[in-house]
Amino acid sequence: MNFLARSVRAVRPVRMVRSYATEAAATGLRLTFAVPHQTLYKDASVAQVNIAAVSGDMGILASHVPSIEQLRPGVVEIIENAATKKFFVSGGFATMNPDSSLNINAIEAFPVEDFSAETVRHNLAEAQRVAASGATEEEKLAAKIEVEVLESLQAAINAK
């Protein structure tokens, strides 16, 4: 019997219990939102953050259950006390901590209002053409990813 197998049997079963974050309910949700070249929010107090996760869209408030979510191409909506800001992200991770702090690390993030609907529509048509053409397999795969991102971006622009 190998070391790992002996170790597994020696460990007593651990009872898993789901718990809720309660430590920081009074201070509200604290957001840190960063991309590789800049920090967009640093420990800022916000009311709510809505994210587009691979597991589904979700709204996050203070005292949310701790979790780690992979972001899909979509909108991160930040609801502050008087204003709402929307950023389009192409991917990344969101980590909700027990102390009501939320860390979002995105590959790219741009304000939704910075995009031109016409340019997105043109780029989407071109990517769909490449994906359906007789291009190499590598070009087709890259075009399919581009189509997915641009379709999400187009939906975000149309929703604003």
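Residues numbered from 1 in each chain as written. Predicted model: local features only at pLDDT ≥ 70, side-chain atom pairs only at ≥ 80, totals over all residues. Heavy atoms only, no water.

- Looking at an unreviewed UniProt entry, the protein carries the name ATP synthase subunit delta, mitochondrial, with the source organism given as Entomortierella chlamydospora.
- Per UniProt, the protein carries the Sequence similarities (unreviewed entry) text "Belongs to the ATPase epsilon chain family."
- Turning to the protein, the UniProt annotation filed under Subcellular location (unreviewed entry) states: "Mitochondrion inner membrane". (UniProt positions renumbered as here; feature names shortened; annotations may be inferred.)

1. Remarks on helix α2 (residues 117-132)
Move 1: Compared with the 22 Å implied by 1.5 Å per residue over 16 residues, the 22 Å span of α2 between its first and last C-alpha is a close match.
Move 2: Along α2, the positions that sit buried rather than exposed are V120, L124, A127 and A131. The buried residues of α2 all sit within an arc of 70° when viewed along its axis, so they share a single face.
Move 3: Here the buried face of α2 lies against α3 (137-159). (Helix = DSSP H or I, 4+ residues; strand = E, 2+ residues; numbered from the N terminus. Expected span 1.5 Å × (residues − 1). Buried < 20%, exposed > 50% of the residue type's maximum accessible area, 1.4 Å probe, protein only. Arc of directions from axis to C-beta. Contact = heavy atoms within 4.5 Å.)

2. Side note on the layout of surface pockets
Move 1: Each pocket or cavity is described by its volume, and for the largest pocket that value is around 150 Å³.
Move 2: If you trace the largest pocket, you find it lined by N50, I51, A52, D57, M58, G59, R72, G74, V75, E77, S152 and A156.
Move 3: Looking at the lining of the largest pocket, the elements with two or more residues in it are β3 (48-53), β4 (56-60), β6 (74-79) and α3.
Move 4: When its residues are assigned to classes, the lining of the largest pocket shows 5 nonpolar, 4 polar and 3 charged. (1 Å grid on protein atoms, 1.4 Å probe; cavity = no way out; pocket = protein on both sides within 12 Å on 5 of 7 lines; lining within 4 Å. Points joined across faces, edges and corners; volume = space filled by probe spheres on them. Nonpolar A, V, L, I, M, F, W, Y, C, P; charged D, E, K, R; others polar.)

3. Re the nonpolar core
Move 1: By size, the foremost hydrophobic cluster in this structure holds 22 residues, and its most contacted members are L31, F33, V49, I51, I78, L102 and I104.
Move 2: Secondary-structure elements contributing two or more residues to this core are β1 (29-35), β2 (38-46), β3, β4, β6, β7 (84-89), β8 (92-96) and β9 (101-106).
Move 3: Counting residues per element, this core draws most heavily on β1, which supplies 4 residues.
Move 4: In this structure, L31 is in contact with Y41, K42, D43, A44, V46, V49, I78, L102 and I104, ignoring residues within four places of it in sequence.
Move 5: In terms of nonpolar packing, the next biggest core, distinct from the first, is built from 10 residues, F88, L124, L150 and L153 among them. (Core = buried A, V, L, I, M, F, W, Y, C linked by side-chain atoms within 4.5 Å.)

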